[in-house]
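Analysis of the macromolecular model
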Amino acid sequence: MKSASITSSSPLTLDPSTTASTKAGTQTLIRGLRIVEAIATQNQPIGVGELSRELGLPKSTVQRLLRTLQQEGWADTSDEPITRWQLSPRLLALARASSPARSLRDAAAPHLAALGSRTGETIHFSVPDGDSRMVLIERVDSVHPVRTYNPIGTGTPFHTSASGKAWLAVLPTEKVEAILSRPLSKPMPNSIVDPQQLLHQIFEIRERGYAVNISENRANVCAVSAAVDGPGGRPVAAVSISMPDIRFDPARVSEWGTWVRETAQAIGAELLE
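Residues numbered from 1 in each chain as written. Predicted model: local features only at pLDDT ≥ 70, side-chain atom pairs only at ≥ 80, totals over all residues. Heavy atoms only, no water.

**Brief notes about helix H8 (residues 195–208)**
The first and last C-alpha atoms of H8 sit 20 Å apart over 14 residues, in line with the 20 Å expected at 1.5 Å per residue. Buried residues belonging to H8 abut helix H6 (162–169), helix H7 (173–180) and strand S6 (211–214). Just past H8, the residue Gly-209 takes up positive phi, approximately 90 degrees. (Helix = DSSP H or I, 4+ residues; strand = E, 2+ residues; numbered from the N terminus. Expected span 1.5 Å × (residues − 1). Contact = heavy atoms within 4.5 Å.)

Structure representation (structure tokens):
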């Protein structure tokens, strides 16, 4: 019996049903990943309706994909009367364990803990996600009963967060101008969206070595942040002291700024060893 062969006169063709099935599977995967990303950017569990509006997908589609993610252990519902969704501990643990930033977190951990003990406030450690936002990868919780809280994986725009502004301050001016030339969101009344005003802030941050945020990203939340330089002087992260505005004392900003800048420098030195 002769074996079958493929020649130029008998081109390989794909079954249309197989092609359609592959495309549908790809679309489902992309939608599922978009849902995971949307949940990860929230500061709290999110409802199906809100996800549907944010992603532009039918509620039935979002609900079906969420149930699949829950079945596979990647998402879960929160303990609330109204069903809301959050990422599962399994997914968060997997992300933390396999993240390329793991060694960065390991190097920063003792310095973040020391800053937390020194200030008594919440300490955030963030890295850039693309060229628009910072993402929280490590946190040291405040000792106070009233404190700020962001889940690991929370993303904040550069222009509304202390960590983001600290990051922008170490970039070349032309890069900063390009980032600020895009449409900028205004999540809070205090959020600054004027590029020239923001650029002026960036120049001031460069001079003093730290950035300040007063209720620009979340209501009643303030922060002081400094960028962490890695090998070659390239910025790799930002460390922040975050607190509710009831404990934000303008007279202590310089002190907090010095502490957070020293912590960022210590982490940077750790990365060079």
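**Remarks on the nonpolar core**
Ranked by internal contacts, the top residues of the largest apolar core, which has 26 residues, are Phe-125, Val-228, Val-239 and Val-260. Going through the elements one at a time, helix H5 (102–119), strand S3 (122–129), strand S7 (221–229), strand S8 (235–244) and helix H9 (253–272) are the ones with two or more residues in this core. If you tally residues by element for this core, the top one is H9, at six residues. (Core = buried A, V, L, I, M, F, W, Y, C linked by side-chain atoms within 4.5 Å. Buried < 20%, exposed > 50% of the residue type's maximum accessible area, 1.4 Å probe, protein only.)

**Here we look at unusual backbone geometry**
Among all residues save glycine, negative phi is the norm, and among peptide bonds the norm is trans. Of note in this structure, Ser-215 is not a glycine but carries a positive phi near 55 degrees. Along the chain, the position of Ser-215 falls in the loop between S6 and S7. Given a relative accessible area of 12%, Ser-215 falls into the buried group. A positive phi is found at Asn-220, a non-glycine position, where the angle reads about 65 degrees. Within the element layout of this structure, Asn-220 appears in the loop between S6 and S7.

**Some details on the sheet that holds strand S5 (residues 155–157)**
Overall, antiparallel pairing links the six strands, which are arranged S5-S4-S3-S8-S7-S6 in an open sheet. Both edges of this open sheet fall to S5 and S6, since each of them pairs with a single strand only. Averaged over neighbouring strand pairs, the angle between their axes works out to 30 degrees when direction is ignored. One ladder, built from seven bridges, connects S3 with strand S4 (residues 133–140); its direction is antiparallel. (Pairing = 2+ DSSP bridges. Axes fitted to C-alpha atoms, helices over the stretch in contact; angles between N-to-C directions.)

**Description of empty space enclosed by the protein**
Tallied over the full model, the rule gives one cavity of 30 Å³ or more. Roughly 230 Å³ of volume is contained in the largest cavity. Every residue lining the largest cavity is counted, 18 residues in all, and those nearest its centre are His-124, Asn-150, Thr-156, Ser-161 and Ser-163. Those elements that provide at least two residues to the lining of the largest cavity are S3, S4, H6, S7 and S8. (1 Å grid on protein atoms, 1.4 Å probe; cavity = no way out; pocket = protein on both sides within 12 Å on 5 of 7 lines; lining within 4 Å. Points joined across faces, edges and corners; volume = space filled by probe spheres on them.)

**Considering the packing of helix H2 (residues 48–55) against helix H3 (residues 59–71)**
Taken N-terminus to C-terminus, the directions of H2 and H3 make an angle of 115 degrees; their axes are 9 Å apart at the nearest point. Classified by the angle between their axes, H2 and H3 sit roughly perpendicular to one another. For the crossing formed where H2 meets H3, the hand is right-handed. Counting all contacts with H2, which are made through Val-48, Gly-49, Leu-51 and Ser-52, the residues of H3 involved are Lys-59, Val-62, Gln-63 and Leu-66. Taken together, the residues that form the contact of H2 with H3 break down as four nonpolar, three polar and one charged. (Parallel < 35°, antiparallel > 145°, perpendicular 65-115°, else oblique. Left-handed = near helix turned anticlockwise from the far one by under 90°. Nonpolar A, V, L, I, M, F, W, Y, C, P; charged D, E, K, R; others polar.)

**Some points on the side chain of Thr-154**
Topologically, Thr-154 is positioned in the loop between S4 and S5. In this structure the side chain of Thr-154 is engaged in a polar contact, spanning 2.7 Å, whose partner is the backbone oxygen of Pro-151. (Polar contact = N/O pair within 3.5 Å; in protein donor to acceptor, adjacent residues only side chain to side chain.)

**Quick word on the confidence of the model for the protein**
Confidence in the prediction of the protein, expressed as mean pLDDT, is 87, and 87% of residues score 70 or more. When pLDDT is averaged over each element of the protein, S6 comes out on top at 98 and helix H4 (residues 89–98) at the bottom at 62. The low-confidence segment residues 1–12 (pLDDT under 50) makes two contacts with residues lying over four places distant or belonging to another chain. (pLDDT = per-residue confidence, 0-100.)

**A word on the pattern of salt bridges**
Where charged atoms of side chains with opposite charge meet at close range, the side chains can pair. Enumeration over the complete set of coordinates arrives at nine salt bridges. Among the salt bridges present, the one from Arg-105 reaches Glu-138, with a minimum N-O distance of 3.8 Å. Residue Arg-105 is found in helix H5, and its partner Glu-138 is found in strand S4; the two are separated by 33 residues along the sequence. Judged by its relative accessible area of 7%, Arg-105 is buried. For Glu-255, the salt bridge identified is with Arg-252, shortest N-O distance 2.8 Å. (Salt bridge = Lys/Arg side-chain N within 4 Å of Asp/Glu carboxyl O.)

**A look at the packing of aromatic side chains**
Scanning the model with the defined rule gives one aromatic pair in all. Ring centres of Phe-248 and Trp-256 lie 5.9 Å apart, and the angle between their planes is 35 degrees; on these two criteria the pair is classed as tilted. Relative accessible area serves as the criterion here: at 14%, Phe-248 is assigned to the buried category. Trp-256 sits in the buried class, given a relative accessible area of 3%. The ring of Tyr-210 is capped by Arg-208, whose NZ or CZ atom sits 5.1 Å from the centre of that ring. (Phe/Tyr/Trp six-rings, centres within 6.5 Å; stacked < 30°, edge-to-face > 60°. Lys NZ or Arg CZ within 6 Å of the ring centre and 35° of its normal.)

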